[in-house]
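Tertiary structure, described
Here is what each chain is made of, one letter per residue.
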Amino acid sequence: MGETKRSSYDAVAMIIHWVTAVLMIFMVFWGEDLMKDGEHMAKSGDAANATFEPSIHASIGITILALTLLRILWRVTHTAPAYPATMKHYEVVASKAVHGLFYLLLIGIPLTGWFTFGGFSEEVPAMAGIQIFGAFPLPQPPFTGEIFKEMHELGSNLAMVLIGIHVLAALKHQFYDKDNILKRMLPY
């Protein structure tokens, strides 16, 4: 019996995509505020509460990293649906490039954030108390450096741009090209 071609991703891929998307959008727009609020509290003498928001930041970052690794594993073992036949070659190439950059950022941003943590916790000693999911302390990274802070910020800024491109491209395909591209990642 022949295999039918899928027109959408499976439920697991959709869930990973949308949970990661929500977390990533939150982080690129408000993640820095979580860290700054914690740093401000620590410097104003409220060390007891200073790590709450930075712990949320670190926990979400770890979640994004874990979901991305799971998504890559899932993607390697599960075939993606075909692109709509109406898509031009350059659009398919651009889509693959943007997705590749997303994967790089979804791994790189959390890792560079962790590498930044070493210097941050030296600058603001209360930050050494950051917890992952309230269960265990964020371990010190094997190496640190100012370059990782810059890479983390650059990655976040690039992620904002890519999110905008990704959303605009999906909307263009759905409503201008009318090729039903959103159906690939929606459960309908």
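Helix and strand content of the chain: 5 helices and 2 strands. Counting helices and strands in the order they occur from the N terminus, the chain gives α-α-α-α-β-β-α. Across its three principal directions, the C-alpha atoms of the chain cover 65 × 35 × 30 Å. Residue burial in the chain is summarised as follows: out of 188 residues, 38% are buried. Within the chain, residue pairs in contact and separated by at least 24 positions form 75% of the contacts whose partners lie at least 6 positions apart. Counting every atom, the chain has about 11,400 Å² of accessible surface; 69% of that belongs to carbon and sulfur. Between the mean site of the 13 positive side-chain charges and the mean site of the 16 negative ones, the chain shows a separation of 17 Å.

A word on the pattern of salt bridges. Under the criterion given, the structure shown has 4 salt bridges. Across the salt bridge formed by E91 and K172, the nearest N and O atoms sit 2.8 Å from each other. Note that E91 is positioned in helix α4 (residues 89–123) and K172 in helix α5 (residues 146–176), a separation of 81 residues in sequence. Residue class for K172 comes out partly exposed when judged on its relative accessible area of 31%. The closest approach of N and O atoms between D177 and K172, which form a salt bridge, is 2.6 Å. Here the residues in one salt-bridge network are E91, K172 and D177, joined through shared partners.

Where nonpolar side chains cluster on the molecular surface, the patch consists of I25, F29, W30 and M160 and spans about 370 Å² of accessible area. Mapping W30 onto the fold places it in helix α1 (residues 11–43). Looking at W30, the relative accessible area reads 45%, which means it is partly exposed.

Here is what the cut-offs are and how they apply
Residues numbered from 1 in each chain as written. Predicted model: local features only at pLDDT ≥ 70, side-chain atom pairs only at ≥ 80, totals over all residues. Heavy atoms only, no water. Helix = DSSP H or I, 4+ residues; strand = E, 2+ residues; numbered from the N terminus. Buried < 20%, exposed > 50% of the residue type's maximum accessible area, 1.4 Å probe, protein only. Contact = heavy atoms within 4.5 Å. Areas by Shrake-Rupley, 256 points an atom, 1.4 Å probe, with all protein chains shown as cover. Lys, Arg positive; Asp, Glu negative; His and termini not counted. Charge placed at Lys NZ, Arg CZ, Asp CG, Glu CD. Salt bridge = Lys/Arg side-chain N within 4 Å of Asp/Glu carboxyl O. Patch = residues over 30% accessible without salt bridge, like charges linked within 9 Å, V, L, I, M, F, W, Y side chains within 5 Å.

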